Amino acid sequence: MRGKGGVPGITLLGEVVTKVNGTAASEAVPSPNLHDLQVYGIVVTIILCFIVFGGVKIINRVAPAFLVPVLFSVFCIFVGALLAGKDDPSVGVTGLSLKSLKDNWSSDYQNTNNAGIPDPAGAVSWNFKVTIYGIVDEWVSGALVGLFFPAVTGIMAGSNRSASLKDTQRSIPIGTLAATLSTSALYLISVFLFGSLATREKLLTDRLLTATVAWPFPSIIYIGIILSTLGAALQSLTGAPRLLAAIANDDILPVLHYFRVADGSEPYIATLFTALICIGYAPSWRPRWKFHHWSLSLLGAVLCIVIMFLISWSFTVVSLALASLIYYYVCLKGKAGDWGDGFKSAYFQLALRSLRSMGASQVHPKNWYPIPLIFCRPWGKLPENVPCHPKLADFANCMKKKGRGMSIFVSILDGDYHECAEDAKNACRQLSTYIDYKRCEGVAEIVVAPSMSHGFRGIVQTMGLGNLKPNIVVMRYPEIWRRENLIEIPATFVGIINDCIVANKAVVIVKGLDEWPNEYQRQYGTIDLYWIVRDGGLMLLLSQLLLTKESFESCKIQVFCIAEEDADAEELKADVKKFLYDLRMQAEVIVLSMKSWDAQGGEGGSQPEESIEAFTSAQRRIGGYLGEMKEAAERDGTPLMADGKPVAVNEQQVEKFLYTTLKLNSTILRYSRMAAVVLVSLPPPPLNHPAYFYMEYMDLLVENVPRLLIVRGYRRDVVTLFT
């Protein structure tokens, strides 16, 4: 009935009575007092907590005592509905009647109080039409959605108790779908059943019509309602503590460590905490299911969020905000765990799609980015538990803009793979930990090979996928080879450089790595580039990347070029300045002519004494090595041999190489002795020269230069003038 007013009468520990329409003819509709409900709720919650404290076995024994009466009461309701007749067992009951169904079919929504009693001044609206600023708009009422909501909430009981199920992946899908379908069917059948059973006035005023029509007497329904409510509360008190304990055991939220429990133990503390929350408010499994698609899960999640907003938008906003804060807290403080979540699967699919879209063709210089292959332990030995030189990760970060990008840290273990597989796994874990500690974006790889040369040759051919293959090989200069008499290093060093040339990889060799600054050591002075050969702009790019780091941001760039004639110097300087301007790079250009070099090499030259001393020492050592080669060839009756293969040594060419290297080293010491870092082109190993000779050339080049990057580009540009 549509009422015009209602006057409630309140009694402590009694009931609230509302008279619909305010007429004596109308039936008084009782409403329970809120204080009574709170007291009853606290008492019942405490009793249920004692049952839950008994453990899963006690709960499983008690559960049938709740379930069987509920099922029997539902049976009695349907039997009573079938047996009901005109005004039997109560006035307003029509029995199953098509006329009653038609009369009740149309909508006649009412306002009710919080207890569900029709009241024109009630706070709860059951109307689909809401008037906003005088405009009638279609709107789904939150109260109507909330009416059906309990039919789909109990399905979480199985997943919350998944640890106690015998076959989780089989039981949860079947139980969830069965619970959803059965409760939804029962709700829909009840709508048509009671819509055909009584008049509209009876439906509005009789709060327990199910008990009124039940067979054989109403008290069965009262018992069923009470036990159904208690069973739902018992399931909540059983599932919620176990969910809380599972989160604590996974260490997702460190603040919840008090709720941890051992396997097979009962979560008593979590249960007590859950009970306190209930009293205060008293008013990953993987399914074995064939018919599953991600779109269904997404649709379900969207529907859940929509229903949340329909029930109460304010509580929904608060809940989503709290969930976001918890997620942010977990990201900051929670320990990493891998449960095979869907995000990683999505990332994997996205990575595959992106890799295929990049193709295998060459990347345009505008899109080129360095992917360094960091050679961790190429020379000598580090302390036992140190997987990589401490400064290599600092240098790798300098090669990436704002630290973003991928680096591949590689180390080679000498030996047989079958024997060293476990050692390789342990070394890979140590190297990954080092990378994370240095906050460098990269991955660790350990390769087992008979020798370093064989290992590197395999790495440079196979490492990476498509255009995500490493394009720059970074390693430390072997400064220790002569000091520790490591005679195998020259051949290995030259072999690595030749492998990089054949594989078309750029090379960056760091001399003075021990003194390389970290992010907190600010450098002053200049970054000097000695641009001897065309390298595709790699040295320019590296110098610009260095300037983006806090340690080098106060430095300036100087570019040194070599002109063949004095007359060409100004023209070359103008061309280089124009080139740098078009690249939007600021640098000072200094051009040196070949004549000035030759003047340095004359008797009146101005080479530093340390360079002259290093030059004469290199001459003497090369002469001694060449003499030993000739003696061995005469003794064995073979051609000149070095590194296990024949060589043809042109002594005049060797002298020329030494002399050119001396001039370059003298120039670096003259102009760049105080530079923060020097970049110089890497000369390729001369054909048919012993590896020992090349190491002598390189030692002479880096002599007395404290911090040097020896750079070799590859057969393509890495910077472009086109915007």
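Everything numeric here is computed off the predicted structure, so don't read it as measured data.

**Student:** Please clarify how the pattern of salt bridges should be interpreted in this entry.
**Tutor:** Pairs can form between side chains of opposite charge once their charged atoms are near each other. If you walk through the whole model with that rule in mind, you get 10 salt bridges. Between Arg 457 and Asp 499 there is a salt bridge, and its shortest N-O distance comes to 3.3 Å. Highlighted residues: Arg 457 in helix α16 (residues 452-462) and Asp 499 in helix α17 (residues 489-502), separated in sequence by 42 residues. Judged by its relative accessible area of 42%, Arg 457 is partly exposed. The exposure class assigned to Asp 499 is buried, which follows from its relative accessible area of 13%.

**Student:** Looking at this model, I keep getting lost on the packing of helix α21 (residues 609-636) against helix α22 (residues 651-671). Mind explaining?
**Tutor:** How two helices sit against one another is set out by the angle between their axes and by the gap between those axes. At their nearest, the axes of α21 and α22 sit 10 Å apart, and the two run at 160° to each other. Relative to α22, the element α21 is oriented roughly antiparallel. Taken as a pair, α21 and α22 cross one another with a handedness that is right-handed. On α22, the residues that touch Glu 610, Ser 611, Ile 612, Phe 615, Ala 618, Gln 619, Ile 622, Leu 626 and Lys 630 of α21 are Glu 651, Val 654, Glu 655, Leu 658, Tyr 659, Leu 662, Asn 665, Ser 666 and Leu 669. By residue class, the composition of the contact of α21 with α22 is 10 nonpolar, 4 polar and 4 charged.

**Student:** Whenever I open this one, the side chain of Lys 391 confuses me. Can you help?
**Tutor:** Mapping Lys 391 onto the fold places it in the loop between β7 (372-375) and α14 (392-398). Here Lys 391 is buried and forms no salt bridge, its nearest opposite-charge partner Asp 394 lying at an N-O distance of 5.4 Å. Separated by 2.6 Å, the side chain of Lys 391 and the backbone oxygen of Trp 516 make a polar contact. Residues within four places of Lys 391 in sequence aside, it is in contact with Tyr 434, Leu 513, Asp 514, Glu 515 and Trp 516.

**Student:** Help me out: how do you make sense of a nonpolar patch on the surface in this one?
**Tutor:** Taken together, the side chains of Phe 72, Phe 75, Leu 82, Leu 83, Leu 96 and Trp 215 present a nonpolar region at the surface, about 660 Å² in accessible area. By the secondary structure assignment, Phe 72 is in helix α2 (residues 56-83). The class of Phe 72 is partly exposed, set by a relative accessible area of 42%.

**Student:** Explanation requested: the sheet that holds strand β11 (residues 506-511) in the structure shown.
**Tutor:** The pairing of strands in a sheet comes from backbone hydrogen bonds and takes either a parallel or an antiparallel form. On the basis of which strands lie adjacent, the open sheet formed by 10 strands has the order β9-β8-β7-β10-β11-β18-β17-β12-β13-β14 and mixed pairing. The outermost strands of the open sheet, each flanked by one partner alone, are β9 (442-449) and β14 (588-593). For this sheet, the mean angle separating the axes of adjacent strands, direction not counted, is 20°. The pairing of strand β8 (residues 407-414) with β9 spans 8 bridges and is classified as parallel. In the sheet register, Ser 411 faces β9, and the bridge partner there is Ile 446. Contacts from helix α15 (residues 417-437) reach β8 and β9 within the one sheet, and its direction differs from that of β9 by about 160°. Against the sheet, α17 makes contact with β7, β10 (472-476), β11 and β18 (708-712), and its axis sits at roughly 165° relative to β10, the strand it touches most.

**Student:** What should I look at first to understand the packing of aromatic side chains in this one?
**Tutor:** Geometry of an aromatic ring pair is reported as the spacing of the ring centres plus the angle between the planes. All chains considered together, the criterion is met by 15 aromatic pairs. Their ring planes at 40° and their centres at 6.1 Å tell us that Trp 105 and Phe 192 sit as a pair that is tilted. You can see Trp 105 sitting in helix α3 (residues 98-105) and its partner Phe 192 sitting in helix α6 (residues 168-195), a full 87 residues away along the chain. Using a relative accessible area of 61% as the deciding quantity, one classes Trp 105 as exposed.

What counts and how
Residues numbered from 1 in each chain as written. Predicted model: local features only at pLDDT ≥ 70, side-chain atom pairs only at ≥ 80, totals over all residues. Heavy atoms only, no water. Salt bridge = Lys/Arg side-chain N within 4 Å of Asp/Glu carboxyl O. Helix = DSSP H or I, 4+ residues; strand = E, 2+ residues; numbered from the N terminus. Buried < 20%, exposed > 50% of the residue type's maximum accessible area, 1.4 Å probe, protein only. Axes fitted to C-alpha atoms, helices over the stretch in contact; angles between N-to-C directions. Parallel < 35°, antiparallel > 145°, perpendicular 65-115°, else oblique. Left-handed = near helix turned anticlockwise from the far one by under 90°. Contact = heavy atoms within 4.5 Å. Nonpolar A, V, L, I, M, F, W, Y, C, P; charged D, E, K, R; others polar. Lys, Arg positive; Asp, Glu negative; His and termini not counted. Polar contact = N/O pair within 3.5 Å; in protein donor to acceptor, adjacent residues only side chain to side chain. Patch = residues over 30% accessible without salt bridge, like charges linked within 9 Å, V, L, I, M, F, W, Y side chains within 5 Å. Areas by Shrake-Rupley, 256 points an atom, 1.4 Å probe, with all protein chains shown as cover. Pairing = 2+ DSSP bridges. Phe/Tyr/Trp six-rings, centres within 6.5 Å; stacked < 30°, edge-to-face > 60°.

Any functional reading would require information beyond the geometric quantities listed.
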